[in-house]
Amino acid sequence: PNDYININLPPISLLFENAKQGATYESSIVSEQIQKSLLKKEKKSWLNFLSLRGSYQYGMYGYETSYTDVYTPVFFNYTTSAQNSYSIGAGLSIPLDALFDLNGRIKRQKLNVRYAELEKEIKFEETKKEIIELYVTALAQLNSLKQRAEYVTLANAQYEIVEKDFTNGVVDSGVLSVEKERQSKAIESYENNRSELNKSLMILEIITHTSIIK
């Protein structure tokens, strides 16, 4: 029981900060980064209007020639040489619909970036609200658990006294039965309280990625 009664919850600001390690917040960051990347792409979309081309060739070329006339017998000549050639060019093609909508696409993408930022803030605010509810609940359950632990201690002590009196013949079995039922109810109430506290703390650990239960 003392393992639960002695639990000290971390500062709620620390739980908020640690919650940023969760998948919900991280997915919001990824969505925001994707939209920002698309915005950069839109700002450079004017490059689609331009095109460059080039080619380069290199090789050995051979030439075979022959010569003859009425006084000269036919003779052949073969020569080789290395040659290279290249060409460079550029083109410009501007679709009018893409040109006139360029600023519009950039503005729309800026809105998408802002929307992703707001989505991230909204999701984090929802997470913080959930943390606050669990935090307050866990504090109340801790305080209640301490009281119920005292009830269990008193019920156990009272039952031991009545049990000795029953053994010595001071009280009858009816009194012993009443004290036993009182003890059982105190223990059951304590265990139920501890179960609910354990549930709250485990959910809080999952959401905030913070170890609370030692």
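Here is what the cut-offs are and how they apply
Residues numbered from 1 in each chain as written. Predicted model: local features only at pLDDT ≥ 70, side-chain atom pairs only at ≥ 80, totals over all residues. Heavy atoms only, no water. Helix = DSSP H or I, 4+ residues; strand = E, 2+ residues; numbered from the N terminus. Expected span 1.5 Å × (residues − 1). Contact = heavy atoms within 4.5 Å. Phe/Tyr/Trp six-rings, centres within 6.5 Å; stacked < 30°, edge-to-face > 60°. Lys NZ or Arg CZ within 6 Å of the ring centre and 35° of its normal. Salt bridge = Lys/Arg side-chain N within 4 Å of Asp/Glu carboxyl O. Buried < 20%, exposed > 50% of the residue type's maximum accessible area, 1.4 Å probe, protein only. Core = buried A, V, L, I, M, F, W, Y, C linked by side-chain atoms within 4.5 Å. pLDDT = per-residue confidence, 0-100. Axes fitted to C-alpha atoms, helices over the stretch in contact; angles between N-to-C directions. Parallel < 35°, antiparallel > 145°, perpendicular 65-115°, else oblique. Nonpolar A, V, L, I, M, F, W, Y, C, P; charged D, E, K, R; others polar. Left-handed = near helix turned anticlockwise from the far one by under 90°.

Explain helix H3 (residues 23-43) here, please?
In this model, H3 (21 residues) spans 30 Å end to end at C-alpha, consistent with the 30 Å of a helix rising 1.5 Å per residue. Elements that come into contact with the buried residues of H3 comprise helix H5 (102-167).

What am I meant to see in the packing of aromatic side chains here?
Each aromatic ring pair is specified by the distance between its two centres and by the angle formed by the two planes. Following the criterion strictly, the structure yields 1 aromatic pair and no others. Seen from the ring of Phe16, Lys128 lies directly overhead, with NZ or CZ sitting 5.6 Å from the centre. The ring of Tyr159 carries Lys180 above its face, with NZ or CZ at 4.9 Å from the centroid.

Quick question: what am I supposed to make of the environment of Gly91 here?
Among the structural elements, Gly91 can be located in strand E2 (residues 75-92). In the structure, Gly91 is positioned 39 residues away from Leu52 in sequence and 6.2 Å away in space, judged by C-alpha atoms.

Before we go on, may I ask you to explain the pattern of salt bridges in this structure?
Summed over the entire model, instances satisfying the criterion amount to 8 salt bridges. Between Lys120 and Glu32 there is a salt bridge, and its shortest N-O distance comes to 2.9 Å. In this pair, Lys120 sits in helix H5 while Glu32 sits in helix H3, placing the two residues 88 residues apart along the sequence. When sorted by exposure, Lys120 lands in the same class as Glu32, which is buried. Residues joined in a network through salt bridges with shared partners are Glu32, Lys36 and Lys120.

Sorry, what's going on with the nonpolar core here?
As a rule of thumb, soluble globular proteins bury nonpolar side chains together. One finds Ile7, Leu9, Ile131, Leu197, Leu201 and Leu204 to be the most contacted residues of the largest nonpolar core, which totals 25 residues. Of the residues forming this core, the biggest block, 10 residues, is contributed by H5. Setting aside anything within four residues of it in sequence, one finds Leu201 in contact with Ile7, Leu9, Ala138, Ile212 and Ile213.

When you look at the confidence of the model for the chain in this model, what are you seeing that I'm missing?
Any region with low pLDDT has predicted coordinates that should not be read closely. Per-residue confidence for the chain averages 85 on the pLDDT scale, and 85% of its residues sit at or above 70. The least confident element of the chain, judged by mean pLDDT, is helix H1 (residues 2-5) at 68; the most confident is helix H2 (residues 12-18) at 93.

Help me out: how do you make sense of the packing of H3 against H5 in this one?
The axes of two packed helices give the description: the angle between them and the distance between them. The geometry of H3 relative to H5 is characterised by a closest axis approach of 9 Å and an angle of 170 degrees between their N-to-C directions. By the angle between their axes, H3 is roughly antiparallel relative to H5. Facing H3, whose interface residues are Thr24, Tyr25, Ser28, Ile29, Ser31, Glu32, Gln35, Lys36, Leu38, Leu39, Glu42 and Lys43, H5 presents Leu102, Arg105, Ile106, Gln109, Lys110, Asn112, Val113, Ala116, Glu117, Lys120, Lys123 and Phe124. Classifying every residue of the contact of H3 with H5 gives 9 nonpolar, 6 polar and 9 charged.

What exactly am I supposed to notice about unusual backbone geometry here?
Backbone phi values are negative for most residues with the exception of glycine, while trans is the configuration of most peptide bonds. For His209, which is not a glycine, the phi torsion comes out positive at approximately 55 degrees. With respect to the element layout, His209 can be found in the segment after helix H6 (173-208).

Explanation requested: the side chain of Lys120 in the structure shown.
Lys120 sits in the buried class, given a relative accessible area of 18%. Leaving out residues up to four positions away in the same chain, Lys120 has contacts with Tyr25, Ser28, Ile29 and Glu32.

Sorry, what's going on with the packing of H5 against H6 here?
Axis separation between H5 and H6 bottoms out at 7 Å; the angle between their running directions is 160 degrees. Viewed along their axes, H5 and H6 adopt a mutual orientation that is roughly antiparallel. Our pair here, H5 against H6, has a crossing hand that is left-handed. For the contact of H5 with H6, the class distribution of residues is 23 nonpolar, 12 polar and 8 charged.

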